[in-house]
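# Survey of secondary and tertiary structure
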Amino acid sequence: MAEEKESAEAMISEIHKQITDAFDVFDHEFNKTVDVREVGTIIRSLGCCPSEGELHDLLAEIEEEEPTGYIRFEKFLPTMTKVLMERRYRPIPEDVLLRAFEVLDQEKKGHLEPEELTKYMSEEGEPFTQEEMEEMLSAAVDPDKNVILYKDYVGMMTVEDN
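Residues numbered from 1 in each chain as written. Predicted model: local features only at pLDDT ≥ 70, side-chain atom pairs only at ≥ 80, totals over all residues. Heavy atoms only, no water.

As recorded by an unreviewed UniProt entry, the protein chain carries the name Dynein regulatory complex protein 8 isoform X1 and is attributed to Huso huso.

Spelled out as structure tokens, the structure:
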């Protein structure tokens, strides 16, 4: 029983260290606050992949009563500890992403045209902004063939879930 407690405490301690390290990268004033616009980057650096809606909900949970544009570490730490302990916002597995691209590739060519992907990503579900689309295409489009070889792209997008 005591060993289990020590193990749990060690796990929480490690999670706190990961959260603190990630937060500190963006605490430019060294005052235990970060710009609210950096929180998504911090959360993603911790291996979480929330949707924009989920990120918005998290921000609402950790922002001050009167939003200041900054998030305080003392509010961020317990919320993120809970998120990481519950393993929320896990990345989508590679095989699921690949199947999604294959559904879009109705002719089974093994690639998508940039225009096709742009249409899907800006008109369906949670639409991408023009800036997000440009950023995605800059990474996704094969510079030699000017198509998205989605098997290669899925490999670039996925992260190991440990």
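### Some details on the nonpolar core
Keep this limit in mind: Throughout this description, the term nonpolar core refers to a set of buried Ala, Val, Leu, Ile, Met, Phe, Trp, Tyr and Cys residues connected via side-chain atoms within 4.5 Å. Between buried and exposed lies partly exposed: a residue is buried under 20% and exposed over 50% of the maximum accessible area for its type, with that area taken using a 1.4 Å probe on protein chains only. Numbering goes from the N terminus for both helices and strands, where a helix is a DSSP run of H or I of at least four residues and a strand is a run of E of at least two. In what follows, residue pairs with any heavy atoms lying within 4.5 Å of each other are defined as contacts.
Core analysis: the biggest nonpolar cluster contains 24 residues, and Ile19, Val39, Ile42, Ile43, Ile71, Phe76 and Met80 have the highest contact counts within it. Those elements that place two or more of their residues in this core are helix 1 (2-26), helix 2 (39-45), helix 3 (52-62) and helix 4 (73-85). Sort the elements by how many residues they give to this core and helix 4 lands first, with six residues. Excluding its chain neighbours within four sequence positions, the residues that come into contact with isoleucine 19 are Leu46, Phe73, Phe76, Leu77, Met80, Thr81 and Leu84.

### What to know about the packing of aromatic side chains
Where we set the bar: For Phe, Tyr and Trp, rings pair up if their centres lie within 6.5 Å, where Trp contributes its six-membered ring, and each pair is then called stacked (planes under 30 degrees apart), edge-to-face (over 60) or tilted (otherwise).
Tallying each qualifying case throughout the model produces four aromatic pairs. On the basis of an interplanar angle of 45° and a centroid distance of 5.4 Å, the ring pair of phenylalanine 23 and phenylalanine 76 is categorised as tilted. In this pair, phenylalanine 23 sits in helix 1 while phenylalanine 76 sits in helix 4, placing the two residues 53 residues apart along the sequence. The buried category is assigned to phenylalanine 23, whose relative accessible area is 0%. The exposure class assigned to phenylalanine 76 is buried, which follows from its relative accessible area of 0%. Seen in terms of ring centroids, phenylalanine 101 and tyrosine 150 are 5.7 Å apart; in terms of plane orientation they differ by 5°. Their pairing is stacked. Of this pair, phenylalanine 101 sits in helix 5 (residues 94-104) while tyrosine 150 sits in helix 8 (residues 150-157), and the two are 49 residues apart along the sequence. By relative accessible area, which is 7% here, phenylalanine 101 ends up buried.

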